[in-house]
Amino acid sequence: MDRKTLYVSDLDGTLLQPDATISPATLRMLAEAATGGALFTIATARTPATVAPILKDVELRIPAVVMTGTALWDKNTVRYSDVHYIDHAAASELVGIYREMSYPTFLYTLRDDMIDIYHIGPLSDIERRFIEERRDNPYKRFHIPASGDSRLPDDLGHTILFYGMQPDAHSEATHRLTSRVEGARTQKYHDFYGPEIGILEAFSPLSTKARAIHELACRTGAGRIVAFGDNLNDLSMLEMADVGVAMANGVEEVKLRADVVTGPNTADSVARFILDDMEREAARGKS
C-alpha cells in the first residue's frame, strides 16, 4: 500500500533564492510534483503578508504554516485556522520586560483574519524599512506613529507574536529574561539581517512548526513527513519528520541533526529532492 507523504519546506534559505524569490526551475518541478499528486506546503516564520506574493505561482492544496507554527493559513480562502494566542498574563509580562530593557519590538494581534501590528519603543532604521516594505498590504495593518511607541490594544488576549530585531547583545540580554516567562515560548536566532542583528520572538508555547505540521498530517491522512530547513527555528520540524532534510547552506547544528543534507537553496534542491523522493516511493510501492 502506498504511503501518503507530506512535503513541507521552509522558505528563506531553503526554498527561496537569495533574492527571496522562487526560481522558474523550482516552480516547474513543484508543478510537476503537484500533478503527480504530491502534498506540498511551506512552514515559515513569515506572515501571509509576504508569503502570499512569494507563493502566487505555487499550487498549494493545503494550508501553509505561518509565523513559526502560530497558525495555519489557507492561500485559497485567505483564512486562518489552528491559531494559538499568547496567554494574556504572559503577554503583559513580556510587554513589561521589553519596556524595562528598552528593547523595541513589534507586537502582532490577530482577529477576524486580520493582523494588526503595534510597536513598543522607538523605531530603528531597520524597523522603518521593515514597515515601509509591508505598508498598504491587504493582510496586515500597522498602528505605529512616527515615534514608534504605539498605544497598545486594551486586550492583549489576541496577541500572537512579539518580533524584535535589535543588535545581537541587546537581543541576547533581553532573551535571558523573556525565556523565563511562563505561558510563552521565546527564541533568538540570526537571519537575513546577518550576525550583528539578533531576532527575538515570543509566541504561545503551542506555536511550533512541528506541532502545526503534525496537525496537517492528521488533516491530510499523511503517514510520512519529509521536511526541509536551514535554520535553528526549523529544528523542531526536522526532528519530528520521518525524513528531516537540511540545506547545504544551513547552519551547522541543523546539518548535524538532520537525517539528510541536500544541496544549497541556490540549486533548486528542495524541488529536486521531492521529485526524486516521489520516484523512490513509487518504486518502493511496486516492489
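The structure under discussion appears in the preceding block.
Everything quoted here is computed from the prediction, not taken from an experiment.

Asks: Kindly report on the side chain of Ser269, identifying the contributing residues and their values.
Replies: The topology assignment puts Ser269 in helix H10 (residues 269–286). In this structure Ser269 comes out as buried when scored by relative accessible area, which is 6%. For Ser269, the side chain forms a polar contact with the main-chain oxygen of Pro264, separated by 2.7 Å. Residue contacts for Ser269: discarding those within four places in its chain leaves Met247, Thr262, Gly263 and Pro264.

Asks: With reference to specific residues and values, describe the environment of His170.
Replies: With respect to the helices, strands and loops of the structure, His170 is situated in helix H6 (residues 168–178). Residues His170 and Ser102 lie 68 residues apart in sequence; the distance between their C-alpha atoms is 9.2 Å. Residues contacting His170, with those up to four places away along its chain left out, are Met101, Ser102, Tyr103 and Pro104. Within the structure, His170 has its side chain in polar contact with the backbone oxygen of Met101 (distance 2.9 Å).

Asks: Outline the side chain of Thr70, supporting the account with residue identities and numerical values.
Replies: Along the chain, the position of Thr70 falls in the loop between strand S3 (64–66) and strand S4 (71–74). When its relative accessible area of 1% is taken as the criterion, Thr70 is described as buried. Looking at Thr70, its side chain comes within polar contact range of the main-chain oxygen of Met67, at 2.9 Å.

Asks: Any chance you could break down the sheet that holds strand S6 (residues 105–111) for me, citing the residues and the numbers?
Replies: Taking strand neighbours across the sheet as the criterion, the 6 strands line up as S8-S7-S6-S9-S11-S10 in an open arrangement whose pairing is mixed. Strands with a single pairing partner mark the edges of an open sheet, and in this sheet they are strand S8 (140–142) and strand S10 (185–189). Averaged over all adjacent pairs, the angle separating strand axes in this sheet is 20°, with direction ignored. In this fold helix H4 (residues 88–100) packs onto S6, strand S7 (114–120), strand S9 (159–167) and strand S11 (197–203), with an angle of close to 15° to the strand it touches most, S9.

Asks: Before we move on, could you go through unusual backbone geometry and cite the residues and values that matter?
Replies: Even without being glycine, Met67 reaches a positive phi, approximately 50°. Topologically, Met67 is positioned in the loop between S3 and S4. Its relative accessible area of 0% is what places Met67 among the buried residues. Positioned with a positive phi, Asp113 is a non-glycine residue whose angle comes to about 60°. Relative to the helices and strands, Asp113 is located in the loop between S6 and S7. A relative accessible area of 24% means that Asp113 is categorised as partly exposed.

Asks: Outline the packing of aromatic side chains, supporting the account with residue identities and numerical values.
Replies: The full count for this structure, using the stated rule, is 6 aromatic pairs. Judged by centre distance (5.2 Å) and plane angle (40°), the rings of Tyr98 and Phe162 are tilted. With Tyr98 in helix H4 and Phe162 in strand S9, this residue pair connects regions lying 64 residues apart in the sequence. For the pair shown, Tyr98 and Phe162 are each scored as buried. Ring geometry for Phe228 and Phe273: centres 5.4 Å apart, planes at 85°, overall edge-to-face.

Thresholds, definitions, all that
- Residues numbered from 1 in each chain as written.
- Predicted model: local features only at pLDDT ≥ 70, side-chain atom pairs only at ≥ 80, totals over all residues.
- Heavy atoms only, no water.
- Helix = DSSP H or I, 4+ residues; strand = E, 2+ residues; numbered from the N terminus.
- Buried < 20%, exposed > 50% of the residue type's maximum accessible area, 1.4 Å probe, protein only.
- Polar contact = N/O pair within 3.5 Å; in protein donor to acceptor, adjacent residues only side chain to side chain.
- Contact = heavy atoms within 4.5 Å.
- Pairing = 2+ DSSP bridges.
- Axes fitted to C-alpha atoms, helices over the stretch in contact; angles between N-to-C directions.
- Phe/Tyr/Trp six-rings, centres within 6.5 Å; stacked < 30°, edge-to-face > 60°.

Such coordinate-based values are descriptive only and should not be taken to indicate function.
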